[in-house]
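Chain residues, written in single-letter form:
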Protein chains: 2
Amino acid sequence: MLNENGNLFIQITELGERKIIEYMQNHFDPMPNIAVSFGDDISAYELENGRLAILKTDMLVNKTDIPKGMSLWEAARKAIVMNVSDFAAKGVKPKAAIVSLGLPKTFTLNDIKEIARGLNFGAREYGAYIVGGDTGETSDLIIAVSLYGTSEKKGIMLRKGARSGDIIAVTGFFGKTAAGLKLLLGELNNSLDYEKKLISSICFPKARLNEGLKLRASDAVTSSIDSSDGLAWSLYEISKINRVGFLINNIPTANEVKRFSKVHRVNPLDLTFYGGEEYELVITLKPELLKKTVKSIKNIGGCLIPIGKVIDEPEILIEINGKKKTIEPKGWEHFKS
Amino acid sequence: MLNENGNLFIQITELGERKIIEYMQNHFDPMPNIAVSFGDDISAYELENGRLAILKTDMLVNKTDIPKGMSLWEAARKAIVMNVSDFAAKGVKPKAAIVSLGLPKTFTLNDIKEIARGLNFGAREYGAYIVGGDTGETSDLIIAVSLYGTSEKKGIMLRKGARSGDIIAVTGFFGKTAAGLKLLLGELNNSLDYEKKLISSICFPKARLNEGLKLRASDAVTSSIDSSDGLAWSLYEISKINRVGFLINNIPTANEVKRFSKVHRVNPLDLTFYGGEEYELVITLKPELLKKTVKSIKNIGGCLIPIGKVIDEPEILIEINGKKKTIEPKGWEHFKS
């Protein structure tokens, strides 16, 4: 916890989002017997029938979260998808969404229509419904989605649980959003097929809900997190909470990103590890169930890529051509980035 | 529904918040068999065990919702209270809140502490807990609270249900916030006791949760709504949805407001009917259970004031000294007010 003495007047930009949340949390009375609280992708508490209520909110702010070139429909859909991704990481189906919408005065009926359709599309895509909301006047567009569902207690995939010797695996390849953002913002050429794919990864992200549900059913997973703040950050979170480390020997860089890196002379490792707004799942699983689990994810049209193993030392190491290198615990963060 | 032809480029300021929500709602697929959807104070759907999940979100925006002179602690607490009030109107206990917080870059650690403490105070005051949240950078402070709970299906108090011949009653007196706002914003003298009370009604509003729970248990209530958009608006909503009207012969103006009206030469009816940010409950109930219900609310330290009766004609009439007058369906509304 932050030492308050003399610090009360420092600006939040010096702290970053995670420290702010941690600091606030210290002022909240904890709910007794809460099942999952701050520090995981969702919150959960036990209902009268022993099932869990699952709650999540994630806010999209135009200035920091909606790159130029993304439509309102895409932004609204994304506001839903980023919440669904957290449900996916826990293996829980979302049921209902409520939306707080901050709208600038200059918006037109057409803008509202785009937003409403994007929200609805995102919700229906993952089997959920928009059931309520509120609007207010803000200087910049804000879409705060809260997602709700229920779940059995058994088998919910938490961040806690990874053990040394487990396999670390991901549901897809990385680096596309970081490369896509460079295309969108740097006004680089983006007419080629592989470039379009990179941009689409930003404007039309997908949550790995089917994969998450299947992974939970596999009973193979020991810990799970989504990768919305970047792969390095997800690894670091799992590392920290479980006091373990990772040795990554199969770096999951997307093919389009390898090509982009060559053309634009960018380090593919940076794009792979330090992107963000990617919604792959990062899981650890029991080695003896790896083969079976990879197959079951393939059977539903997804993929599960083992990228290394969990080690005792609390470090994130990558191995390239026999050489080991440390990956720093950096990630995208509001107020700091 | 709005006719879209040619209207797509009109600005939302010409529509107002209610039309915006109505318009958006028309683009949302309805959840099948939803118990309570748009158009009531909360949303609700049936859980596996037959109970209802209750969901609500209400957003507080600094520019429009936090008057000068209100502290961050008070604003944060109020963001919770306004959501609790909607639960109160349905007779449902809130259990968990999640908060999306938009913070300006210039905020300090001390500001964060005030907000966290205000949120926690508001939640604990009504038996709920803050269990999760998200923060982002916004140009103006935004506190979007989502509130969750569960409830038996039986007896939940909805806006629909008022019948001609029912009594209309409220849980307190009106006009204090409208008068208090004039004191706060107009820089009028506010050192007298009655003036302090008026200001406190804005800075420290209370949700009538105990009253709501007791009212639900009474089985007397036929419809219920809170008065956050003003008494006139609440009456108008109940009138519209039930195709009934009201004859008000006991106008519930607070004593402090009567005094304020005399001193500052303001119409007390305007303050009483067209205020807002008041969190009294406005209910209709069976005449034969009125006496018993008034007593049971008194027993828990609250009050229930019969103000008139439900009539067939879809009008809101007040009767003063034998003369009848129509109350216009106006209320506070984002984007329009």
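Just so you know, these numbers come straight off a predicted model, no measurement behind them.

Notes on the sheet that holds strand β6 (residues 167–170) of chain B
Residue and element names in this part refer to chain B. With mixed pairing, the seven strands of this open sheet are ordered in space as β7-β9-β6-β10-β8-β11-β12. Only two strands of the sheet have a single partner each, and these edge strands are β7 (221–226) and β12 (323–326). Across the sheet, the mean angle separating the axes of adjacent strands is 25 degrees when strand polarity is ignored. Inspection of the sheet shows β6 paired to strand β10 (residues 305–311) by four bridges, in the antiparallel sense. Residue pairing in the sheet places Val 170 in a bridge with Ile 305 of β10. Relative to the sheet, helix α3 (residues 72–90) contacts β7 and β9 (281–285), its axis offset from that of β7 by approximately 175 degrees.

Brief notes about the relation of the copies chain A and chain B
By a simple turn and slide, chain A fits onto chain B: the slide is 0.0 Å along the axis, the RMSD is 0.0 Å, and the turn is 180 degrees. On this basis, the relationship between the two copies can be described by a two-fold rotation axis. A high fraction, 99%, of the interface residues of chain A reappear at the interface in chain B, so the copies pair face to face through one surface.

Regarding the domain arrangement of chain A
Residue and element names in this part refer to chain A. Split into domains, chain A comes out as domain 1 (31–151) and domain 2 (167–326). Distance between the C-alpha centres of domain 1 and domain 2: 23 Å. If you look at the interface, domain 1 gives 26 residues, while domain 2 gives 22 residues. Where domain 1 abuts domain 2, roughly 2,000 Å² becomes buried across the two surfaces, and 58% of that area is made up of carbon and sulfur atoms. Taken together, domain 1 and domain 2 are joined by one salt bridge.

A word on the packing of aromatic side chains
Residue and element names in this part refer to chain A. This structure, assessed with the given rule, holds 12 aromatic pairs over all chains. Where Trp 73 meets Phe 204, the ring centres are 6.2 Å apart and the plane angle is 10 degrees; that geometry is what we call stacked. Of this pair, Trp 73 sits in helix α3 (residues 72–90) while Phe 204 sits in the loop between α6 (193–203) and α7 (209–218), and the two are 131 residues apart along the sequence. Through successive ring pairs, a cluster of aromatic residues spans Trp 73, Phe 121 and Phe 204. One cation-aromatic arrangement involves Arg 77 over Phe 204; the distance from NZ or CZ to the ring centre is 3.5 Å.

Quick notes on the interface of chain A and chain B
Residue-level contacts link 81 residues of chain A with 81 residues of chain B. Counting the surface lost from both chain A and chain B, the interface buries some 7,300 Å², and carbon and sulfur atoms represent 67% of this. There are six salt bridges connecting chain A and chain B. Here Glu48(B) and Arg51(A) are joined by a salt bridge, their closest N and O atoms 3.3 Å apart. Sort the elements by how many residues they give to the side of chain A that touches chain B and helix α4 (residues 109–125) of chain A lands first, with 10 residues. Of the residues assigned to the side of chain A that touches chain B, the class counts are 41 nonpolar, 25 polar and 15 charged.

Notes on the environment of Thr222(A)
Residue and element names in this part refer to chain A. The topology assignment puts Thr 222 in strand β7 (residues 221–226). Classification of Thr 222 as buried rests on a relative accessible area of 12%. Residues Thr 222 and Leu 158, spaced 64 residues apart in sequence, show a C-alpha to C-alpha distance of 7.8 Å. With residues up to four places along the chain from it excluded, the contact list for Thr 222 reads Leu 158, Lys 160, Gly 161, Ala 162, Arg 163, Asp 166, Thr 284, Leu 285 and Lys 286. In this structure the side chain of Thr 222 is engaged in a polar contact, spanning 2.7 Å, whose partner is the side chain of Asp 166. Here the side chain of Thr 222 touches Thr 284 through a polar contact of 2.5 Å, side chain to side chain.

Quick notes on the rules
Residues numbered from 1 in each chain as written. Chains lettered and ligands numbered in written order. Predicted model: local features only at pLDDT ≥ 70, side-chain atom pairs only at ≥ 80, totals over all residues. Heavy atoms only, no water. Pairing = 2+ DSSP bridges. Helix = DSSP H or I, 4+ residues; strand = E, 2+ residues; numbered from the N terminus. Axes fitted to C-alpha atoms, helices over the stretch in contact; angles between N-to-C directions. Contact = heavy atoms within 4.5 Å. Least-squares fit on C-alpha atoms with pLDDT ≥ 70 in both. Domains from an automatic or database assignment. Buried area = accessible area lost by both parts, 1.4 Å probe. Salt bridge = Lys/Arg side-chain N within 4 Å of Asp/Glu carboxyl O. Phe/Tyr/Trp six-rings, centres within 6.5 Å; stacked < 30°, edge-to-face > 60°. Lys NZ or Arg CZ within 6 Å of the ring centre and 35° of its normal. Nonpolar A, V, L, I, M, F, W, Y, C, P; charged D, E, K, R; others polar. Buried < 20%, exposed > 50% of the residue type's maximum accessible area, 1.4 Å probe, protein only. Polar contact = N/O pair within 3.5 Å; in protein donor to acceptor, adjacent residues only side chain to side chain.

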